Amino acid sequence: MKIETITTHPYSDQNPGTSGLRKKVKVFQQPGYLENFVQSIFDSLEGFAGKTLVLGGDGRYFNRAAIQIIIKIAAANGFGELIIGQGGLLSTPAASNIIRKYQAFGGLILSASHNPGGPDEDFGIKYNVGNGGPAPEKDTLAFYQRSQSINNYKTIIIDDIDLDNIGEQHIGDLKINIIDPVSDYAELMQSIFDFPLLRQSISAGYITLLFDAMHAITGPYAKRILVDMLGAPAESVINAQPLEDFGGHHPDPNLAHAHELAEIMFSDHAPTFGAASDGDGDRNMITGSQIFVTPSDSLAIMAANAHLIPAYAQGLSGVARSMPTSQAVDRVAASYGIPCYETPTGWKFFGNLLDAGKITLCGEESFGTGSDHVREKDGLWAVLFWLNLIAKRRQPVADIVHGHWQKFGRDIYCRHDYEAVETPIANALVEHLREQLPKLPGQEFGEYTVKFADEFCYEDSVDGSISRNQGIRVGFTNGSRIVFRLSGTGTVGATLRIYIERFEPDASRQDQDAQVALAELIELAEQFCEVKKRTGRDAPNVIT
Ligand code: VG1
Ligand code: CO
């Protein structure tokens, strides 16, 4: 194996965001761009000589080319083994599982998740550590700092590796193991859920289902698990073929982008259960006949019912949610007497809590839920959780949701996204919000009185690390909240996210449309941030 050292120059923009480094494909295709970032990661890590690296991605455009580049750099840097999903494919939760199961040193996951794919769209890469979870902030900061002074990377000159045949190959001392991307994951799911009960409920026609893989990574996983193992009809999985451009759509599981599924679920021939996942398989959207379950409610309902699932029969050690996620799960935790943690946006902040056994279940409002079975959010796991719940409770989704609201109250919730805002406008808007914070507490706006107004700062209770500026919060005395933050996953300008919630304990008033029920707070949010006034827009791009 002949190692070459290639001279390079730093790129100034390799600072990872909420979930890895995400840029346009054209940016990643610049000479040395991907190479620099991968070498910067390896330069920042210690002790991996001879160890195993897991490698795979969501199959989007540039996935295969990137994998070939990374194989060569990993070989030159002294890894002992590479475990790669066949065809270069691995869903994010499957990669997390493989890192844990085979005790790998870490893994590189290639994905820009829910962002569109194709030559003119997005690509991404992130490093996961030995616990299977996204690298913590101290690591991603080190990668970025290294990328600012890097002047060479190491590689080897070899022909491209065959990614399509399962089995072992050797280059010098490096073993390359191409594995089936689905098997280990399917086995893990089988160990968590009651597969015989699910099979029975599906074959008896008690559960009918539709899963939209959105032409992204979960197609092969859903076919194996839902169709082959659980006996659902083949047509239960739609858009199952992973495509490099996701069929030209955003592989983003919400009512706006998974519209094919949404139309069927709200029609008169809706199945009992419908779900979708995103580009890399870590998100989930849950629906039932005539009902959409918000991710915040889904997390709370899962927490309230976890004891019905075999793997969680002992109960939960605790739960966690990202700060902008609604407080629905807090109510469940309080009633069950278990701790509830509030973390900044991004799965990396759950890792320490999961590792320390402080929490079993966690989630985000952005269609992400997961547990201690891996260290990523997990789309199909959430789907199986809900299916298991429906089968066990013998209740339709709508009844489960309404029953939950009656018992715990409803946290009416919505998120408004203003995408591709010019960065200077977005920054000025945030500055404007910041200036108002000291004078807001105590002020009255109609029936709302501000209780607190601050910028969220998180102290990790396990390692004491502190993360500042994690979103602006305005909380009211009646428990309502408005949260503002800028996205850390977008690739064009800035995206402003506004999260709005209000608690409704009165069962007779819970069945309202969120946009109507939250109208006053939506108005207030505009009064505070002036996004419409400052951008000249009259509505958000996406409402979830
Ligand atoms: C978004 C979501 C966040 C999620 C992140 C990665 O981040 O809001 O909750 O963890 O995407 O999800 P941001 O910074 O754009 O708000 V995924 O499925 O895109 O890896
Ligand atoms: Co994702």
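The structure we're discussing is the one just above.
Every chain is numbered on its own, with residues counted from 1 as its sequence reads. Following the order in which they are written, the chains are lettered starting with A and the ligands numbered starting with 1. Only residues with pLDDT of 70 or above have their local features reported here, since the model is predicted, and side-chain atom pairs are shown and tallied only from 80 upward, although totals for entire chains, interfaces and linings are computed over all residues. The side-chain figures draw on all heavy atoms in the structure; neither hydrogens nor water molecules are used.

### Thoughts on the overall build of the protein
Stated formally: Secondary structure elements are taken from DSSP: a helix is a run of H or I of four residues or more, a strand is a run of E of two residues or more, and numbering for both begins at the N terminus. What the globule rule says is 2.2 Å times the number of residues to the power 0.38, and the radius of gyration is computed from C-alpha atoms. Counting rule for charge: Lys and Arg are taken as positive, Asp and Glu as negative, and neither His nor the chain ends is counted. Charged side chains are reduced to one point each, which is NZ for Lys, CZ for Arg, CG for Asp and CD for Glu.
When its secondary structure is counted, the protein shows 18 helices and 27 strands. What you see for the protein is a C-alpha radius of gyration of 23 Å, in line with the 24 Å of a compact globule of 544 residues. Looking at charge distribution, the protein has the averaged site of its 46 positive side-chain charges lying 3 Å from that of its 67 negative ones.

### Regarding the side chain of R485
Note the cut-off: To sort residues, take the accessible area from a 1.4 Å probe on protein chains only and compare it with the maximum for the residue type: under 20% means buried, over 50% means exposed, and anything in between is partly exposed. Basic side-chain nitrogens of Lys or Arg form a salt bridge, by our definition, when they fall within 4 Å of a carboxyl oxygen of Asp or Glu.
Positionally, R485 belongs in strand β25 (residues 481-486). Buried R485, no salt bridge; nearest opposite-charge side chain is E365, N-O distance 5.8 Å.

### Digging into the sheet that holds strand β12 (residues 273-276)
Condition: Only strands that DSSP links by at least two bridges are regarded as paired with each other. What makes two residues a contact is simply this: any of their non-hydrogen atoms within 4.5 Å. Angular values range over 0 to 180 degrees, each being the angle between N-to-C directions of two axes fitted as lines to C-alpha atoms, with helices fitted over their stretch in contact.
Judged by pairing direction, the sheet is mixed, and its five strands sit side by side in the order β11-β10-β12-β13-β14 without closing on themselves. Looking at strand neighbours, the two that pair on one side only are β11 (237-238) and β14 (291-293), the edges of this open sheet. Bridge count between β12 and strand β13 (residues 285-288): four bridges; the pairing is antiparallel. Bridged to G274 within β13 is T287. The sheet strands contacting helix α13 (residues 379-393) are β10 (209-212), β12, β13 and β14, and the helix crosses β12 at an angle near 170°. Its contacts with the sheet put helix α14 (residues 397-408) on β12, β13 and β14, and the angle it makes with β14 is roughly 55°.

### Brief notes about the site of ligand 1
Put simply, the test is: Think of it this way: one heavy atom of a residue within 4 Å of a molecule or strand is enough to make that residue near it. By the criterion applied in these results, polar contacts are pairs of N or O atoms within 3.5 Å in which, for protein atoms, one can donate a hydrogen and the other can accept it, and in which residues neighboring in sequence qualify only through two side-chain atoms. Gly counts as polar in this scheme, as do all residues outside two lists: the nonpolar Ala, Val, Leu, Ile, Met, Phe, Trp, Tyr, Cys and Pro, and the charged Asp, Glu, Lys and Arg.
Looking at ligand 1, there are 20 residues lining it, with T18, S113, S366, T489 and R497 nearest. One of the side-chain N or O atoms of R283 is found 2.8 Å from an oxygen atom in ligand 1. Here an oxygen atom of ligand 1 sits 2.6 Å away from a polar atom, N or O, in the side chain of S487. A breakdown of the residues in the shell around ligand 1 according to their chemical character gives no nonpolar, ten polar and ten charged.

### A few points about unusual backbone geometry
Positive phi, close to 65°, is recorded for F367, a residue that is not glycine. Counting through the fold element by element, F367 comes out in the loop between β17 (361-364) and β18 (368-371). F367 gets classed as buried once you look at its relative accessible area, which sits at 5%.

### Notes on the sheet that holds strand β26 (residues 494-504)
Pairing in this open sheet of seven strands is antiparallel, and the strands run β20-β21-β24-β25-β26-β19-β27 from one edge to the other. Every interior strand has two partners, whereas the edge strands, β20 (444-445) and β27 (542-543), have only one. As defined by bridge partners, β25 adjoins β26 across six bridges and the pair is classed as antiparallel. Bridged to R481 within β26 is E501. Seen against the sheet, helix α17 (residues 519-529) touches β19 (410-421), β20, β21 (448-455), β24 (472-476), β25 and β26 and runs at an angle of roughly 140° to β26.

### What to know about the packing of aromatic side chains
Rules: Only Phe, Tyr and Trp rings are paired, with Trp represented by its six-membered ring, and only when their centres lie within 6.5 Å; those with planes under 30 degrees apart are stacked, over 60 edge-to-face, the remainder tilted.
In total, this model carries 20 aromatic pairs according to the counting rule given. Judged by centre distance (5.9 Å) and plane angle (65°), the ring pair of F48 and F105 falls under edge-to-face. Of this pair, F48 sits in the loop between α2 (33-44) and β3 (52-57) while F105 sits in the loop between α4 (92-101) and β5 (106-110), placing them 57 residues apart in sequence. Plain terms: the ring middles of Y185 and Y221 are 5.5 Å apart, the flat faces sit at 90° to each other, and that makes the pair edge-to-face. Taken together, the positions of Y185 in helix α6 (residues 183-192) and Y221 in helix α8 (residues 218-229) put the pair 36 residues apart, joining distant regions of the chain.

### Side note on the pattern of salt bridges
Tallied over the full model, the rule gives 34 salt bridges. For R321, the salt bridge goes to E342, with nearest N and O atoms at 3.0 Å. You can see R321 sitting in strand β15 (residues 319-322) and its partner E342 sitting in strand β16 (residues 340-343), a full 21 residues away along the chain. What makes E342 partly exposed here is its relative accessible area of 25%. A single salt-bridge network, built from bridges that share partners, covers R321, D330, E342, D454, R473, R481 and E501.

### Observations concerning the nonpolar core
Using the following cut-off: For the purposes of this section, nonpolar cores are sets of buried Ala, Val, Leu, Ile, Met, Phe, Trp, Tyr and Cys residues that join through side-chain atoms within 4.5 Å.
Of all hydrophobic cores here, the largest spans 76 residues; its most connected members are M189, L226, F273, W381, F385 and W386. With eleven residues, α13 is the largest single contributor of residues to this core. Here F273 is in contact with T208, L209, L210, M265, I286, T287, G288, V383, W386, L387, I390 and V397, once residues within four sequence places are set aside. One finds Y33, I70, I161 and I176 within the second-largest nonpolar core, a separate group that totals 42 residues.

### Some words on the side chain of D212
Residue placement: D212 occurs in strand β10. No salt bridge is formed by the buried D212. Its closest oppositely charged neighbour is K223, at 12 Å. A distance of 2.8 Å separates the side chain of D212 from the backbone nitrogen of M214, its partner in a polar contact. Apart from residues no more than four positions distant in its own chain, D212 is found in contact with I238, N239, A258, L261, A275, A276 and S277.

### Brief notes about α17
When we look at burial in α17, the residues that qualify are L521, I522, L524, A525, E526, F528 and C529. Of the residues one or two after α17, E530 is the one with positive phi, at around 55°.

### Some words on the coordination of the cobalt ion (ligand 2)
For the record, the criterion: With water omitted from the atoms examined, metal sites may look incomplete; donors here are N, O and S atoms no farther than 2.8 Å from the metal, or 3.2 Å in the case of Na, K and Ca.
Every protein donor of the cobalt ion (ligand 2) is listed here as S113 (OG), D278 (OD), D280 (OD) and D282 (OD), and their distances to the metal cover 2.0 to 2.1 Å. Assessed through its relative accessible area of 3%, D280 is described here as buried.

### Regarding the environment of K451
Here K451 lies in strand β21. Spatially, the C-alpha atoms of K451 and G475 are 5.5 Å apart, while their sequence positions differ by 24 residues. The residues contacting K451, other than those within four sequence positions of it, are P441, G475, F476 and T477.

### Here we look at the environment of I238
Along the chain, the position of I238 falls in strand β11. Looking at I238, the relative accessible area reads 15%, which means it is buried. Between the C-alpha atom of I238 and that of A213, which follows or precedes it by 25 residues, the distance is 6.2 Å.

### Focus on the pairing of β12
Side chains F273 and A275 project from β12 onto one buried face, and the interleaved G274 and A276 project onto a second face that is buried too. Pairing of β10 with β12, which is carried by four bridges, proceeds in the parallel orientation. Bridging from a neighbouring strand, L210 pairs with G274 of β12.

### Some points on the state of the cysteines
Basically, it comes down to this: Two cysteine sulfur atoms make up a disulfide if the distance between them is within 2.5 Å.
Counted according to the given criterion, the structure contains zero disulfides. The cysteine C362 is free of any disulfide, with C340 supplying the nearest cysteine sulfur at 11 Å.

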